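This is what each chain is made of:
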Amino acid sequence: MTTNSYLEYFLTLLGWVINNGLWNVLLGTGLFVLPLAFKVVGIWLKVREEGEDEGNKGMLSLPRIENALYAGFLVMIACCVPLINVSLSTMQYDTTRAKTCGVWTPKAPDESGYAGVVSSLNDQTAAAPVWWVLIHKLSKGVTQAAVATIPCRPDMRQIRFEVQHTRIDNKALAQELQDFTNDCYSVALYLWKQQDQGQTKDKTTLRDIEWIGSSTFLSRYYPSLQSKLPRAAFPWSDSRDSGRPNTGRGGYPTCSEWWSSTDNGLKARVKDQADPDMWLRISAAMKMSGFNDSDYQEAVIRRLVSPESLTVSQNGHVYAGYGGNADFTLDNAAARVAAIGGTSLGSLAAFPAFDAMRQALPMIQAILLMAMYVMLPLILAFAAYEFKTVITLTFVIFALNFLTFWWELARWLDSWLLTALYSSDTHSRFNMAGLQNSSDDLIMNLVMGAMFIVLPAVWLGALSWAGASVGVAVSAAFQKGTETAQNTGGKLGEAAGNAIGSKATKG
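Note that this is a predicted model, so its numbers are computed, not measured. (Residues numbered from 1 in each chain as written. Predicted model: local features only at pLDDT ≥ 70, side-chain atom pairs only at ≥ 80, totals over all residues. Heavy atoms only, no water.)

Caption draft 1: Representation of the overall build of the chain within the structure. Assigned secondary structure in the chain consists of 21 helices and four strands. Burial statistics for the chain: of 507 residues in total, 47% are counted as buried. In the chain, the share of contacts with a sequence separation of at least 24, taken over all contacts with a separation of at least 6, comes to 77%. Counting only carbon and sulfur atoms, one obtains 60% of the accessible surface of the chain, whose full area is about 24,800 Å². (Helix = DSSP H or I, 4+ residues; strand = E, 2+ residues; numbered from the N terminus. Buried < 20%, exposed > 50% of the residue type's maximum accessible area, 1.4 Å probe, protein only. Contact = heavy atoms within 4.5 Å. Areas by Shrake-Rupley, 256 points an atom, 1.4 Å probe, with all protein chains shown as cover.)

Structure (structure tokens):
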């Protein structure tokens, strides 16, 4: 048996463990026979109501009762009696898609954050009925085959989310970045303004000088500028530091050394703040999208040292006077709102809500599958082991498993549109895939966020065309399951939008 998420990996076992317990309760108390007894009585009563012209009542009732009992026992053996072992050793977390597309290989569930839960279930064993094991393998196989038809494309939305939520937690490094801004960047920017005097019209150059690692400043100004304070990571050098006090606490590196040094430079140390696994995923994703190493590394580092990122990281104003900050309670919010339309304000609430919803959907799927496995013996018993109920439950389990395909399709469309958008001349190469989130196509983002709900809803609704009325109940379950995550995820953005709107109104 294979699973598509960490949560599903152990919830599947938990569902079958409880399923076996409930079936044992029905067996131990004899309640499993009661539905069949009611069914036999019902057949007998129905035969008694028929007229004399129908023939001998006993001869009429006997084959009907036999058929009902044979069908009931067949359903019981195939769908209720646990026969095939299920344990964590027999289950497998599916990494086929990740390995095929070559983006990254997920860790095993026992190496993830669920390791504690997995270990607590490690000695648990259960068994599953033959029919449901067959349906599980069939639905997973069809789903994986359908997913395999989607061309490989890295999940740019998830990569962007990881980059934007990577923080510089080292306060000393954050302070050193502030020192670099004061000693190097601000001086270089002043010199460039004095020499250029507004003559440069090249957008690439103007975009480049907006951040502290500017290649223009690295080549023209940083080699001649130095740190005003000694830096322990850079030894004293007479040829470079003569004329400055030798305090014994290091030398005074040039701004180019301070930024670009392989081991001790700010660029390398900022890069180390990000998770190494994230760099591997970004590297694979960007190469598939046609970007080289230097481009994506610059884009990510540029995001990490941005004033918005450091303001959130350090909960304060790291770059005083450098590009503003993300605090919407400041007076400059009134100026910003003039450039932000209603769609943009709506996105402040919608984007966190969509992200929370997207993260919650596979979790809801795993929980609903577990609930189905738990309920199977009770539902079949209450339905008196009817074939019709078995077919309906089969549709439900298949439909739930196949939702993985629709989410993968929505991710592919989302990532393809992001790549197309940020690979064009519409946006700067410094903002590849929206890593800096400065010029998103807001309408596209809103539509693609809704696709994670719309596509599964169409699929579940279409099942009714085949006579399986499972769409309403399952769709309602997903809507209710993700509603809290959506509402909670969007509250902070909504509050920021309201704050901006009210300040603009007052202004």
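Caption draft 2: Inspection of unusual backbone geometry at higher detail. Positive phi, normally seen in glycine, also occurs at A384, with a value near 60 degrees. The residue A384 is located in the loop between α18 (342–382) and α19 (387–422) in this model. On the basis of relative accessibility, which here comes to 13%, the residue A384 falls in the buried class.

Caption draft 3: Inspection of the state of the cysteines at higher detail. Taken as a whole and judged by the stated rule, the model has one disulfide. In this model C184 forms its disulfide with C255; the gap between the sulfur atoms is 1.9 Å. Residues C184 and C255 share a disulfide whose torsion about the S-S bond is about -85 degrees; that sign makes it left-handed. Of this pair, C184 sits in helix α8 (residues 171–196) while C255 sits in helix α12 (residues 255–260), placing them 71 residues apart in sequence. For the pair C184 and C255, a shared accessibility class is recorded, and that class is buried. Looking at the unpaired C79, the closest cysteine sulfur is the one in C80, lying at 6.3 Å. (Disulfide = S-S within 2.5 Å.)

Caption draft 4: Broad picture of a nonpolar patch on the surface. A grouping of F73, I77, L83, I84 and V130 is seen on the molecular surface, where their side chains present a nonpolar patch of about 430 Å² in accessible area. Relative to the helices and strands, V130 is located in helix α6 (residues 130–148). Note on V130: relative accessible area 39%, which makes it partly exposed. (Patch = residues over 30% accessible without salt bridge, like charges linked within 9 Å, V, L, I, M, F, W, Y side chains within 5 Å. Salt bridge = Lys/Arg side-chain N within 4 Å of Asp/Glu carboxyl O.)

Caption draft 5: Inspection of the pattern of salt bridges at higher detail. For the coordinates displayed, the defined rule picks out eight salt bridges. Within this structure, R240, D241 and E257 form a network of salt bridges that share partners.

Caption draft 6: Region of interest: the packing of aromatic side chains. Under the criterion given, the structure shown has 17 aromatic pairs. Pairing W211 with W259 gives two aromatic rings, centres 5.7 Å apart and planes at 80 degrees, and the pair type is edge-to-face. Pair noted here: W211 is in the loop between α9 (203–208) and α10 (215–220) and W259 is in helix α12, with a separation of 48 residues, a long-range link. In terms of burial, W211 and W259 fall into one category: buried. The ring of Y252 carries the charged tip of R244 above its face, separated from the ring centre by 5.9 Å. (Phe/Tyr/Trp six-rings, centres within 6.5 Å; stacked < 30°, edge-to-face > 60°. Lys NZ or Arg CZ within 6 Å of the ring centre and 35° of its normal.)

Caption draft 7: A look at the UniProt feature "transmembrane region" (unreviewed entry) in the chain. UniProt marks residues 22–47, 68–88, 333–354, 366–385 and 391–409 with the feature "transmembrane region" (unreviewed entry), using the numbering shown here. This span, residues 391–409, is 100% helix and 0% strand, and a straight line between its end C-alpha atoms measures 27 Å. (UniProt positions renumbered as here; feature names shortened; annotations may be inferred.)

Caption draft 8: Expanded view of the side chain of S214. On the secondary structure map, S214 appears in the loop between α9 and α10. Setting aside anything within four residues of it in sequence, one finds S214 in contact with D208 and I209.

Caption draft 9: Geometry of the confidence of the model for the chain. Looking at the chain as a whole, its pLDDT mean stands at 74, while 62% of the residues score no less than 70. Per-element confidence in the chain ranges from a low mean pLDDT of 38 for helix α17 (residues 332–337) to a high of 92 for α6. Segment residues 316–350 is flagged for pLDDT under 50; beyond a separation of four residues in sequence, or across chains, it makes 64 contacts in the model. The low-confidence segment residues 488–507 (pLDDT under 50) makes 26 contacts with residues lying over four places distant or belonging to another chain. (pLDDT = per-residue confidence, 0-100.)

Caption draft 10: Quick peek at α8. Its 26 residues place the ends of α8 35 Å apart at the C-alpha level, agreeing with the 38 Å of an ideal helix rising 1.5 Å per residue. If you look at α8, its biggest bend is around 40 degrees, right at T181. (Expected span 1.5 Å × (residues − 1). Bend = angle between axes of the 7 residues up to and from the residue.)

Caption draft 11: Main features of the nonpolar core. Within the largest apolar cluster, 51 residues are counted, with the highest numbers of intra-cluster contacts made by W16, W132, L380, Y385 and W459. Mapped onto this core, the elements with two or more residues apiece are α1 (6–29), α3 (57–79), β4 (126–128), α6, α18, α19 and α20 (442–462). At 12 residues, α19 tops the list of elements feeding residues into this core. Residues in contact with L380, not counting those within four places in the same chain, are V75, C79, C80, W132, Y385, T389, V390 and L393. Within the second largest apolar cluster, 31 residues are counted, among which are I209, C255, L266 and L304. (Core = buried A, V, L, I, M, F, W, Y, C linked by side-chain atoms within 4.5 Å.)

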